[in-house]
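The primary structure of each chain is shown beneath.
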There are 2 protein chains.
Amino acid sequence: MPDFPDEEFEHRTIRAQQAMTKAGFDALFLTTEAEIRYFTGFRTLFWQSPTRPWMLVVPRSGKPVAVIPEIGAPLMAETWIDDIRTWPAPRPDDDGVSLAREALAGYDIVATPMGPESTLRMPMLDFRRLGVSFRDASPLILALRAIKSDAEIEAIAAICAIASSGFADAGSLFHPGQSLREAFRDFRIALLRGGADDVPYLVGGAGPEGYADVISPPSDTALQAGDVLMLDTGATRNGYFCDFDRNFALEHASDTARRAYATLNRATEAALNCARPGVTCAELWLVMRNVIGGSGNIGRYGHGLGMQLTEWPSLAAFETTPLSPGMVLTLEPSVATGPETMMVQEENIVITDGPPRLLTTRAAPELPVLT
Amino acid sequence: MPDFPDEEFEHRTIRAQQAMTKAGFDALFLTTEAEIRYFTGFRTLFWQSPTRPWMLVVPRSGKPVAVIPEIGAPLMAETWIDDIRTWPAPRPDDDGVSLAREALAGYDIVATPMGPESTLRMPMLDFRRLGVSFRDASPLILALRAIKSDAEIEAIAAICAIASSGFADAGSLFHPGQSLREAFRDFRIALLRGGADDVPYLVGGAGPEGYADVISPPSDTALQAGDVLMLDTGATRNGYFCDFDRNFALEHASDTARRAYATLNRATEAALNCARPGVTCAELWLVMRNVIGGSGNIGRYGHGLGMQLTEWPSLAAFETTPLSPGMVLTLEPSVATGPETMMVQEENIVITDGPPRLLTTRAAPELPVLT
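A brief structural summary. (Residues numbered from 1 in each chain as written. Chains lettered and ligands numbered in written order. Predicted model: local features only at pLDDT ≥ 70, side-chain atom pairs only at ≥ 80, totals over all residues. Heavy atoms only, no water.)

1. Focus on the interface of chain B and chain A
At step 1: With 63 residues of chain B at the contact, the number on the chain A side is 63 residues.
At step 2: For the chain B and chain A pair, buried surface summed over both sides reaches about 5500 Å², with 61% attributable to carbon and sulfur atoms.
At step 3: On inspection of chain B and its partner chain A, the count reaches four salt bridges.
At step 4: A salt bridge links B:Asp198 to A:Arg188; the nearest nitrogen and oxygen atoms lie 3.0 Å apart.
At step 5: Among the secondary structure elements, those contributing two or more residues to the side of chain B that touches chain A are α3 (73-77), α5 (124-129), α9 (180-194) and β7 (198-207) of chain B.
At step 6: Within the side of chain B that touches chain A, the residues separate by chemical class into 34 nonpolar, 14 polar and 15 charged. (Contact = heavy atoms within 4.5 Å. Buried area = accessible area lost by both parts, 1.4 Å probe. Salt bridge = Lys/Arg side-chain N within 4 Å of Asp/Glu carboxyl O. Helix = DSSP H or I, 4+ residues; strand = E, 2+ residues; numbered from the N terminus. Nonpolar A, V, L, I, M, F, W, Y, C, P; charged D, E, K, R; others polar.)

The following block contains the structure:
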C-alpha cells in the first residue's frame, strides 16, 4: 500500500485542480469508493460495509483532506494524505457531519458528483445537514477519470493479461456435464491462481444458439455438447478491473452461433480500425452497428474501464464525446441470435495517437470449439 | 434463480406493508441492491456497473413494481414480480426518470431510505427530478430487514458452515514464509472449493502481538514464525454473507497474544450468555466491554448480518434497540495489544427465544498454534 507512488496521486489532484479552476469550483466533495481512492490511494474492501460514510474534500489548491471513520485512520495514514480528520463512527447523533462542515467551511463554491454514473454514498439526511448548495461535479470527474495515466494503463493491462491467460486454459476448464456454477467456480479459481486479487464480476450463460442475457448468476444446469458457453469477467488486481468475455462451443457448434461469432468479430475489427483520437463514441458505435445491422434499440457497444467495471463514456448513439489518447475502453458488440438469445464479444483497448493498443489477447477469429 | 420460493418475497412484502400502514406511507421507493433484492429476489453482480439506476416501488398493497434498465428484464422476469417497466438505459435525457414518476404518481406519501446505513444509488439530479418530497424509510427498512426469516437464517448458516470448514483447514493453508497475499489467495480458493459463490470481503493482518488494523488489503510481507495471523472473511452463497474471523499463531505465540485471545474469548462467552430477547444492543455491548476493560472510545462490538456484510443494528453504547428472535448478529469484541496493535474475535449468531444459536463453529478456547 498504496498501489502507486505519491506522484501519481499528486498528478491526478493537479489535473483536477486545473479543471476546477476552469469550472470555477473552490472544492470537490466526494463520498464514493472510486473517487476517494482515485485521489488518495486508499484501497480497502471495507466499503462492503454500508454503515459508515467516508468523505474527501479536494480544494482548488493543496492536498485533499480526508474526513473518515477512525477505523480507517491507520490505512489512510499510509497514503500521501496528511490531513486526516476522524470520528468514532458509527455515531448516530453526528456521523461525521460537523467534521465535514468544518472541512468545507472555507469554500464558496463546492461541487459533488450528482449526474450520470454518480451515487451518494452517505445518508441523504446527513448530506442535507451539511448545509451546502452543491454544484454538479460529474462532468469534471468523468472527464478526469476517463483519461488514464500510464500507471493506470499498466495496472489494467496486468489484469487483462491474467484473464487472457485464464481464458487460454478454457479447454481444460470447461466440459459438457459440468454445471454452470462449477464452470464459474473453476474459472474464478484459475484467475486467482493466475494472479487476480479478486473476481468481483463473473457472469455469463450457455445455449446452442447463444444465451438469454448477460447479467445472470450461474445456474446448476449442466452444460451440453453443442452449447456456446460465454463467461464475462471483471477481475481485479491492485484495484483495477478488466472487463471482457469469451465464447466457447463445447464439442460442436451450431451454424447460427458460428455466424453470429463471425459477425461480432468483424464488428470488433471495424472498431479497432476506427478507434482513433477525434473519432466520437457515437461514430465508433456506428461502425459496429453497421456491421451488425438490425434495427430498433440495440443499446451500447462498450464503455470506459478502470477502477470500476464500467466507466464513462458509453459507446452509444447519444455520446458525442471524442476519443482521446489514454482512454481505456471496452468494445462490446452484441447480436441477437433468436427471439430470446444473443451473443456478445468484448475486448479492452487503450486509445493512442496511432492504432489502439489491445490489452486483451484478441479473441480467436472463429468460434473456438473445445473438444 | 431466484434463491427462495415466491412465498418468501410475498411474506417480506406483507411485513413491509404492515409497517407502512403503521407509518402512514403509501409507497416505498428503493434504489439499492440489497433492498431491491430483498423484495424481488433479483440477484446479479451487474450492480458492479454504476452506469444504470435500478428502481423499485413497493405500494401499501399489491406487488412491487420494478422500474429497471432493459438489460435486466429477462432476469427480473424470473422473479415473482409481474409489473416490470423498462427503458433502454443508459439514456441521458431520461434515464428512467419519467417511468419512475409514473410509477409513483398515484401515491401521496412516499418514503425512501435517507437515514443511517443508507445510500442513494441513482444520480441525485435525477432523484430531484422525480419531484417527490420523500419521507425517510430508513427506520422501517432497518427494522424489517433485521429480523431474518427461517430461509434467510439457513442461507447465512450455510455460508458460515463453509467458512468454518475453510478455517478448520488453516494448518494446511498457512505457514511462515508465505506472503499475506498468498495466504489470502489460498484461503479464498479454499472457500470457493468449499462451496462459496464469492468472497467479496477478506481482510486481515499479522504480527507477533496482533495487527495494526482490520481493513487493509494483504501486503507481500512474508509471514514469520511467532506471528498471529488473522483473516476476517465475508464470503457469500446465494446472496447471503458470513462475517467472522479467526486467529492463528504460527509455530509459537507470544504471551501478549495468548492473553488477548483469552480475553476476547471470555468476552464472547459473556455475550453468548447475555444475548437473549429483550436485552438491548447496548447491554450486550456492555457485557463484552466489562470483560475487556479499558477506557476511552472502543467503538462497536458487532452488528447485524445478512444480505450485506454489516447491517443494522450496531452492538454499541448508543444502540438501545432490544434483541429479538430472528436477528442475526456478529459478536466482535476487540482488544488493544499495544499502542498500534490489536486483536479481534468474531462469531455469528441468531437470537432465539432461548440461548442464541451459533452459526459459526466456535473459535478454539485458546489461541491455536499452527505447527
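2. Here's the deal with the side chain of B:Asp26
At step 1: Within the secondary structure layout, B:Asp26 lies in the loop between α1 (6-23) and β1 (27-30).
At step 2: When near neighbours in sequence (up to four residues on either side) are disregarded, B:Asp26 contacts B:Met20, B:Val58, B:Pro59, B:Arg60, B:Tyr107, B:Asp108 and B:Ile109.

3. Some words on the packing of helix α2 (residues 33-40) of chain B against helix α6 (residues 138-146) of chain B
Residues and elements named next belong to chain B.
At step 1: Relative to each other, α2 and α6 sit at 60°, their axes nearing to 12 Å. The orientation of α2 relative to α6 falls into the category oblique. The element α2 and its partner α6 pack so that their crossing is left-handed. Taken together, the residues of α6 that come into contact with α2 (itself represented by Ala 34, Glu 35, Tyr 38 and Phe 39) are Ile 141, Leu 144 and Arg 145.
At step 2: Considering only residue class, the contact of α2 with α6 consists of five nonpolar, no polar and two charged. (Axes fitted to C-alpha atoms, helices over the stretch in contact; angles between N-to-C directions. Parallel < 35°, antiparallel > 145°, perpendicular 65-115°, else oblique. Left-handed = near helix turned anticlockwise from the far one by under 90°.)

4. Section: helix α11 (residues 281-292) of chain B
All names here are of chain B.
At step 1: Look at α11: 17 Å from first C-alpha to last across 12 residues, which is about the 16 Å you get at 1.5 Å a residue.
At step 2: Turning to α11, its buried residues are Cys 281, Ala 282, Leu 284, Trp 285, Met 288 and Ile 292. The buried residues of α11 all sit within an arc of 160° when viewed along its axis, so they share a single face.
At step 3: Directly beyond the C-terminal end of α11, a positive phi value near 70° is found at Gly 293. (Expected span 1.5 Å × (residues − 1). Buried < 20%, exposed > 50% of the residue type's maximum accessible area, 1.4 Å probe, protein only. Arc of directions from axis to C-beta.)

5. Some words on the relation of the copies chain B and chain A
At step 1: With an RMSD of 0.0 Å, chain B superimposes on chain A once it is rotated by 180° and translated 0.0 Å along the axis. Taken together, the rotation and translation relating the two chain copies correspond to the operation of a two-fold axis. For chain B, the minimum C-alpha distance to the rotation axis belongs to B:Leu120 and amounts to 2.5 Å.
At step 2: Most of the interface of chain B is mirrored in chain A, where 100% of its interface residues again form contacts. (Least-squares fit on C-alpha atoms with pLDDT ≥ 70 in both.)

6. Comments concerning the side chain of B:Arg246
All names here are of chain B.
At step 1: With respect to the element layout, Arg 246 can be found in strand β10 (residues 244-250).
At step 2: Since its relative accessible area comes to 8%, Arg 246 is described here as buried.
At step 3: One polar contact links the side chain of Arg 246 to the main-chain carbonyl oxygen of Glu 346, over a distance of 2.9 Å.
At step 4: In this structure the side chain of Arg 246 is engaged in a polar contact, spanning 2.8 Å, whose partner is the side chain of Glu 347.
At step 5: The residues touching Arg 246, leaving out its near neighbours within four places in the chain, are Phe 167, Leu 229, Met 230, Leu 231, Glu 346, Glu 347, Thr 360, Thr 361, Arg 362 and Ala 363. (Polar contact = N/O pair within 3.5 Å; in protein donor to acceptor, adjacent residues only side chain to side chain.)

7. Comments concerning the sheet that holds strand β5 (residues 110-112) of chain B
Residues and elements named next belong to chain B.
At step 1: Reading across the sheet, the six strands line up as β4-β3-β2-β1-β5-β6 and stay open at both edges, with mixed pairing between neighbours. Looking along the sheet, the strands with just one partner apiece sit at the ends: β4 (83-87) and β6 (135-136).
At step 2: Of the pairings in the sheet, the one linking β1 to β5 comprises two bridges and is parallel in character. Paired with Leu 28 across the two strands is Ala 111, which belongs to β5.
At step 3: Against the sheet, α1 contacts β1, β2 (55-59) and β6, and its axis sits at roughly 65° relative to β2. (Pairing = 2+ DSSP bridges.)

8. Structural notes on the pattern of salt bridges
Pairing of side chains with opposite charge becomes possible as their charged atoms draw close.
Residues and elements named next belong to chain A.
At step 1: Applying the stated criterion to the full structure yields 40 salt bridges over all chains.
At step 2: Here Arg 37 ties to Glu 33 by a salt bridge, and the two come within 2.8 Å at their closest N and O atoms. Of the two residues, Arg 37 and Glu 33 both sit in helix α2 (residues 33-40), four residues apart, roughly one turn of that helix.
At step 3: In this structure, Asp 83 engages Arg 85 in a salt bridge whose closest nitrogen and oxygen atoms are separated by 2.8 Å.
At step 4: Salt bridges sharing partners connect three or more residues here, namely Glu 35, Arg 145, Lys 148 and Glu 311.

9. Quick look at the nonpolar core
At step 1: A:Leu28, A:Phe39, A:Phe174, B:Leu28, B:Phe174 and B:Leu284 are the most contacted members of the largest nonpolar core, which has 210 residues in total.
At step 2: If we skip the residues at most four places from it in the chain, A:Leu28 touches A:Met20, A:Phe39, A:Leu56, A:Val57, A:Val58, A:Val110, A:Ala111, A:Ala137, A:Leu140 and A:Ile141.
At step 3: Of all hydrophobic cores here, the second largest spans 42 residues; its members include A:Met55, A:Trp87, B:Ala100 and B:Ala103. (Core = buried A, V, L, I, M, F, W, Y, C linked by side-chain atoms within 4.5 Å.)

10. Things to note about the pairing of β10(B)
All names here are of chain B.
At step 1: Across the seven residues that make up β10, a large majority, seven, are buried.
At step 2: Burial along β10 is two-sided: the residues Phe 244, Arg 246, Phe 248 and Leu 250 and Asp 245, Asn 247 and Ala 249 are all buried.
At step 3: Two elements, strand β8 (residues 228-237) and β10, share six bridges in a ladder whose sense is antiparallel. In the sheet register, Thr 233 faces β10, and the bridge partner there is Phe 244.
At step 4: Here two bridges tie β10 to strand β18 (residues 369-370), and the two strands are oriented parallel to one another. Counted as the bridge partner of Leu 250 is Leu 370 from β18.

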